[in-house]
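Chains, contacts and geometry: an overview
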Amino acid sequence: MDDIIMRLSKSPYAPVKMSLDSEFSFMCHRGLECFTECCGKIDIFLTPYDIVRLKRRLRTSSEEFISRYTTVAELKETRLPLLMLRMADNGRCPFVTEDGCTIYTDRPVVCRYYPIGFGLMKSNHIGEGDFFFPIKESFCLGYREEKRWTVRQWRLSQEINIYDDVNKFWFDIILSKKAMAPKLVPDEKSQRLFLLCSYDIDSFRRFVFESRFLKAYVVDTDTIKKIKEDEVELLKFGHRWLRGVLFGNPEYPKREQG
Ligand code: SF4
Ligand code: SF4
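Residues numbered from 1 in each chain as written. Chains lettered and ligands numbered in written order. Predicted model: local features only at pLDDT ≥ 70, side-chain atom pairs only at ≥ 80, totals over all residues.

**Some words on the overall build of the chain**
- Secondary structure summary: the chain contains 11 helices and 9 strands in total.
- By residue count, 26% of the 258 residues in the chain fall in the buried class.
- Taking all contacts inside the chain whose residues are at least 6 apart in sequence as the whole, residues at least 24 apart take part in 76%. (Helix = DSSP H or I, 4+ residues; strand = E, 2+ residues; numbered from the N terminus. Buried ≥ 20, exposed ≤ 12 C-beta atoms within 10 Å, placed from the backbone. Contact = placed C-beta atoms within 7 Å.)

**Details of unusual backbone geometry**
- Residue Y114 is joined to P115 through a cis peptide bond whose omega torsion reads 15 degrees.
- Topologically, P115 is positioned in the loop between α3 (109–113) and β7 (116–121).
- Positive phi is not limited to glycine here, since K41 has a value of about 50 degrees.
- With respect to the helices and strands, K41 occurs in the loop between β2 (23–25) and α1 (48–57).
- Its identity as a non-glycine residue notwithstanding, E159 has a phi of 60 degrees, on the positive side.
- As for its placement among the helices and strands, E159 is situated in the loop between α4 (151–157) and α5 (160–175).
- The class of E159 is exposed, set by 12 C-beta atoms lying within 10 Å.

**Notes on the confidence of the model for the chain**
- Averaged over the chain, the pLDDT score is 87; the fraction of residues at 70 or greater is 84%.
- pLDDT under 50 marks residues 1–6. Its contacts with residues more than four places away, or in other chains, come to 15 contacts. (pLDDT = per-residue confidence, 0-100.)

**Looking at helix α7 (residues 188–199)**
- A rise of 1.5 Å per residue sets the reference length of α7, with its 12 residues, at 16 Å; its end C-alpha atoms lie 16 Å apart and thus fit the reference within 8%.
- Within the span of α7, buried status applies to F194, C197, S198 and Y199. The buried residues of α7 all sit within an arc of 160 degrees when viewed along its axis, so they share a single face. Exposed side chains of α7 directed beyond 90 degrees from the buried face belong to E188 and K189.
- Those residues of α7 that are buried lie in contact with α1, α2 (62–69), β4 (81–85), α5, α8 (201–209) and α11 (231–247). (Expected span 1.5 Å × (residues − 1). Arc of directions from axis to C-beta.)

**Quick word on the pairing of strand β3 (residues 70–74)**
- Among the 5 residues that make up β3, 0 are buried, leaving the element largely open to the surroundings.
- Taken together, the 5 bridges between β3 and β4 define a ladder with antiparallel strand orientation. Along β4, the bridge assignment pairs E74 with P81. (Pairing = 2+ DSSP bridges.)

**A closer look at the nonpolar core**
- With 45 residues, the main nonpolar core has I51, V110, Y113, Y114, I116 and L234 as its most contacted residues.
- It is α5 that contributes the most residues to this core, 6 residues altogether.
- Split by domain, this core shows at least three residues from each of two domains, domain 1 (4–174) and domain 2 (182–247). (Core = buried A, V, L, I, M, F, W, Y, C linked by C-beta atoms within 7 Å. Domains from an automatic or database assignment.)

**Here we look at the site of ligand 1**
- Of all residues adjacent to ligand 1, which total 13 residues, the nearest are C28, C34, C38, C140 and G142.
- Considered class by class, the residues forming the shell around ligand 1 number 10 nonpolar, 2 polar and 1 charged. (Near = placed C-beta within 6 Å. Nonpolar A, V, L, I, M, F, W, Y, C, P; charged D, E, K, R; others polar.)

**Some thoughts on α5**
- Counted at 1.5 Å a residue, the expected span for α5 with its 16 residues is 22 Å, but the 19 Å between its end C-alpha atoms falls short.
- Of all the bends in α5, the greatest measures close to 60 degrees and is centred on N167. (Bend = angle between axes of the 7 residues up to and from the residue.)

**Observations regarding the environment of K41**
- Classification of K41 by C-beta neighbours within 10 Å gives exposed; the count is 11.
- Sequence spacing of K41 and R92 is 51 residues, and the spatial spacing of their C-alpha atoms is 6.1 Å.

**Let's talk about the environment of R68**
- Summarising the element assignment, R68 is placed in helix α2.
- Linking R68 and R86, residues 18 residues apart in sequence, is a C-alpha distance of 8.2 Å.

**Here's the deal with the environment of F95**
- Relative to the helices and strands, F95 is located in the loop between β4 and β5 (96–97).
- In this structure F95 comes out as buried when scored by C-beta crowding, with 21 C-beta atoms within 10 Å.
- Along the sequence, F95 and C39 sit 56 residues apart, while their C-alpha atoms lie 8.7 Å from each other.
- Each residue touching F95, except ones within four places of it in the same chain, is listed here: C101, T102 and I103.

Take a look at the structure:
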């Protein structure tokens with residue numbers, strides 16, 4: 001297990017490693033006594049696409065969403081700052097009511113995986129070397145239901161593939177061996193840049209289109225058109241650009257001064 005670098009979900013038990021083909025029984029529905037029990041006192045790491053979906057859902061800006069609903073955490077394996085959903089004062093998720101999740105169709109990827117936790121492996125692209133484990137909290141009655149799933153079927157049913165596709169360049173950054181090299185502890189400026197490109201899409205848009213950015217970096221016209229029209233493309237572009245800034249060998253190099 002040496003090359004496991006991070007788990008983005010927690011389990012109170014020692015993890016049993018599962019693969020995409022591992023099976024489990026589970027069904028969650030509001031008829032269960034434990035309904036919404038799982039929506040409190042949990043660590044929910046947010047991915048960049050989670051924040052785009054949530055800020056759209058709540059009709060707010062990324063800046064406002066981040067300041068109102070998130071806290072910054074640093075996983076010990078990497079020095080890059082990651083955002084987590086901030087629980088309300090009562091320890092519950094800010095989006096849960098007695099009727100369930102109020103943002104269900106845009107819930108974060110960690111909630112989509114539940115009751116499965118997932119971890120990411122060093123130097124792998126997401127989907128190739130990831131591992132999974134049952135979270136199995138004692139209050140969760142969904143495990144007693146008969147419906148059987150493989151992890152692969154569960155991921156598809158929860159539309160996790162869509163999130164993987166948007167987040168893949170970002171996972172490349174946080175999983176990069178370079179991000180974990182002790183000599184490459186990001187300075188404050190790199191940490192700010194990481195937060196901007198990872199999560200704050202509205203500020204990043206201004207950074208690209210309202211500064212000297214497009215004069216300073218070589219970006220082809222097709223890409224400029226695409227990222228102007230499509231926020232998700234802008235997010236993916238930001239991750240590719242950031243990868244070059246943090247680790248070298250940029251896809252979008254700086255223009256020669258002349
Ligand atoms: S079955 Fe598990 S996941 Fe579903 S509401 Fe109950 S505790 Fe939450
Ligand atoms: S986002 Fe929804 S599913 Fe996730 S913890 Fe909050 S209420 Fe529960």
